[in-house]
Amino acid sequence: MARENENFRENENANATYEIGLWGDLPYSQEQEIGVTRLIEDMNSQKLSFTVHDGDLKAGSNSLCDNSLYAKALGYFNELEAPAAFTPGDNDWTDCDRASNGGYNSLERLDYERQLFFSTPFSLGQRRLRQEVQTAPLCLGVNGAVPCVENRRWTVGRVTYATLNVQGSCNNLCDTAPNPAEYAARNAANIVWLKETFRVAKERNSAAVMLISQADPGWDLSDSTRAPLRNPRTLMETDGQPDGFQSFLLALRDEVIAFRKPVAYVHGDSHYFRIDKPFLDAQGRRLENFTRVETFGDNQGNGTNDVQWLKVSVDPRSREVFSYQPQIVPGNRVAVPTP
C-alpha cells in the first residue's frame, strides 16, 4: 500500500547526498516488458529517493493506445518502492491518432492519462511524494480548457525538480493529425511552469534545478539523425519542419543564464543515452551551467540491449550538484554477458 507524506523530504539534512533513478522510452516490445521487470527489480535493490520515467510507454507504430497499455504502465510504476514520477510521451497520446495505434483521438488519450496517472497531488510508486501541480486551466482537452495536471514540481533537499509536457512529433505540430491550437495552449503553459519553477528555486535557495520532459527538441546543427536541426544561436529550426520548440527553448535559455547554478534537462525521445552540453547563448558561447541528459531508450533490434536506467547522485554541497552513473541491468545484457 502506498505511503503518502505531504512534507516529503528524503533527507532530514537538506544538504545530504541522495540518489535518484531516470528511465524512459520503455517498453516497446514483449521482450522489453520482461526487461523492464528486471530494471524495476534493479532500481528497488538500491536506495533511491525517487524515480522519473520521461515518457513513451510503448512503440510509436503497430501498437495500440488502448486502456490496457496505461493500466500495465501504472502497474510498473507502482511496483517501484521509491516514489515514481512520470511525464507523458508522444507515443502515449499525440501519436495515438495513427491508424496503426488504433486511430484514437489524441486529446481523449491525454485526458485519460491525466485522469489515471495525475488525479492526485502525489506521485506514483509504493512510497509517494507530494508534488506541486499546475492547476490553472491553461491546456486543452477534448471538451476545452483543462488544468495541465501532468506538469509537476517538487523539492528534495536543496534541489528543485519539475516535469513539463513537451512532446516529440514536432510537439503535436506534425504527424497524422497536427493540432496547432492544442500545441499553442500547452506550449504557453509549459513556459509559465518553467518560469515559475525557476522563481520557486530561487525563493528556496535551491542549489540546482532538474527539468524532465519527453522530447529531444534539437539544440544545434550536429545531430540530424536524432533531433531537429537548429541554429544554436537563434534556436530556430533549420530543416523546414514545423518548429514546436523555439519559443520554449528561448525561455529556457533566459532562465538558465539568469539562474547561474547547475541546470539539468532530462529527456528521452531519440533513444540514445548521452550526457553533454549542447546549449549555446546568442553569441555562440556554451552555457557552462547547463547539462542535457538523455536516458536510455528502446533498441528493438537488440531486445533488452538498452533496457537500462541512469542513477544520479545529488550532492547540494558539490559544485556541479549532479553526477551520473549508467546502470546496466545484469539480466538485460545482450552483446556482452555478465561476468
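Residues numbered from 1 in each chain as written. Predicted model: local features only at pLDDT ≥ 70, side-chain atom pairs only at ≥ 80, totals over all residues. Heavy atoms only, no water.

1. Some details on helix 6 (residues 246–259)
Each α-helix turn comprises 3.6 residues. Residues three or four places apart therefore point the same way.
1) Next: The terminal C-alpha atoms of helix 6, which comprises 14 residues, lie 20 Å apart, in line with the 20 Å expected from a rise of 1.5 Å per residue.
2) Next: Along helix 6, the positions that sit buried rather than exposed are Phe-248, Leu-249, Ala-251, Leu-252, Arg-253, Glu-255, Val-256 and Phe-259.
3) Next: Looking at the buried positions of helix 6, the neighbouring elements they touch are helix 5 (180–203), strand 9 (208–212), strand 10 (263–267) and strand 12 (290–294).
4) Next: The positive-phi residue at the C-terminal boundary of helix 6 is Arg-260, with phi of around 75°. (Helix = DSSP H or I, 4+ residues; strand = E, 2+ residues; numbered from the N terminus. Expected span 1.5 Å × (residues − 1). Buried < 20%, exposed > 50% of the residue type's maximum accessible area, 1.4 Å probe, protein only. Contact = heavy atoms within 4.5 Å.)

2. Regarding the sheet that holds strand 7 (residues 144–156)
1) Next: Strands sit in the order 6-7-8-9-10-12-11 across an open sheet of 7 strands; the sheet is mixed. Only two strands of the sheet have a single neighbouring strand rather than two, namely strand 6 (132–141) and strand 11 (274–276). Sheet twist, expressed as the average angle between the axes of neighbouring strands with direction ignored, equals 20°.
2) Next: Contacts from helix 3 (residues 106–117) reach strand 6 and strand 7, with the element oriented near 160° to strand 6.
3) Next: In this fold helix 5 packs onto strand 6, strand 7, strand 8 (159–163), strand 9 and strand 10, with an angle of close to 165° to the strand it touches most, strand 6. (Pairing = 2+ DSSP bridges. Axes fitted to C-alpha atoms, helices over the stretch in contact; angles between N-to-C directions.)

3. Brief notes about the packing of helix 2 (residues 67–79) against helix 3
1) Next: For the pair helix 2 and helix 3, the least separation of the axes is 11 Å and the interaxial angle reads 30°. By the angle class used here, helix 2 and helix 3 are roughly parallel. Of the two elements, helix 2 crosses helix 3, and the hand of that crossing is right-handed. Residues Asn-67, Tyr-70, Ala-71, Ala-73, Leu-74 and Phe-77 of helix 2 pack against Arg-109, Tyr-112, Glu-113, Leu-116 and Phe-117 of helix 3.
2) Next: The residue makeup of the contact of helix 2 with helix 3, split by class, is 8 nonpolar, 1 polar and 2 charged. (Parallel < 35°, antiparallel > 145°, perpendicular 65-115°, else oblique. Left-handed = near helix turned anticlockwise from the far one by under 90°. Nonpolar A, V, L, I, M, F, W, Y, C, P; charged D, E, K, R; others polar.)

4. Let's talk about the pairing of strand 10
1) Next: In terms of burial, strand 10 is largely enclosed, as 5 of its 5 residues are buried.
2) Next: Here strand 10 shows no split at all, with Val-263, Tyr-265 and His-267 on one side and Ala-264 and Val-266 on the other all buried.
3) Next: Here strand 9 runs beside strand 10; their pairing, made up of 4 bridges, is parallel. Looking at strand 10, one finds that Ile-212 is bridged to Val-266.
4) Next: Relative to strand 12, strand 10 is paired through 5 bridges, and the arrangement is parallel. Counterpart to His-267 in the pairing with strand 12 is Glu-294.

5. Things to note about the pattern of salt bridges
1) Next: Evaluation of the coordinates by the stated rule reveals 21 salt bridges.
2) Next: The partner of Glu-203 in a salt bridge is Arg-199, and the shortest N-O contact between them spans 2.8 Å. Of this pair, Glu-203 and Arg-199 are both found in helix 5, 4 residues apart, which corresponds to roughly one turn of the helix.
3) Next: Overall, Glu-203 belongs to the exposed group, its relative accessible area being 56%.
4) Next: On the accessibility criterion, Arg-199 (41% relative accessible area) is partly exposed.
5) Next: One salt bridge in this structure joins Arg-274 and Asp-216, with 3.1 Å as the shortest N-O distance. Separated by 58 residues along the polypeptide, Arg-274 in strand 11 and Asp-216 in the loop between strand 9 and helix 6 bring together distant segments of the chain.
6) Next: Judged by relative accessible area, which is 13%, Arg-274 ranks as buried.
7) Next: A cluster of three or more residues bridged by salt bridges with shared partners is formed by Asp-216, Asp-223, Arg-274, Asp-276, Arg-292 and Glu-294. (Salt bridge = Lys/Arg side-chain N within 4 Å of Asp/Glu carboxyl O.)

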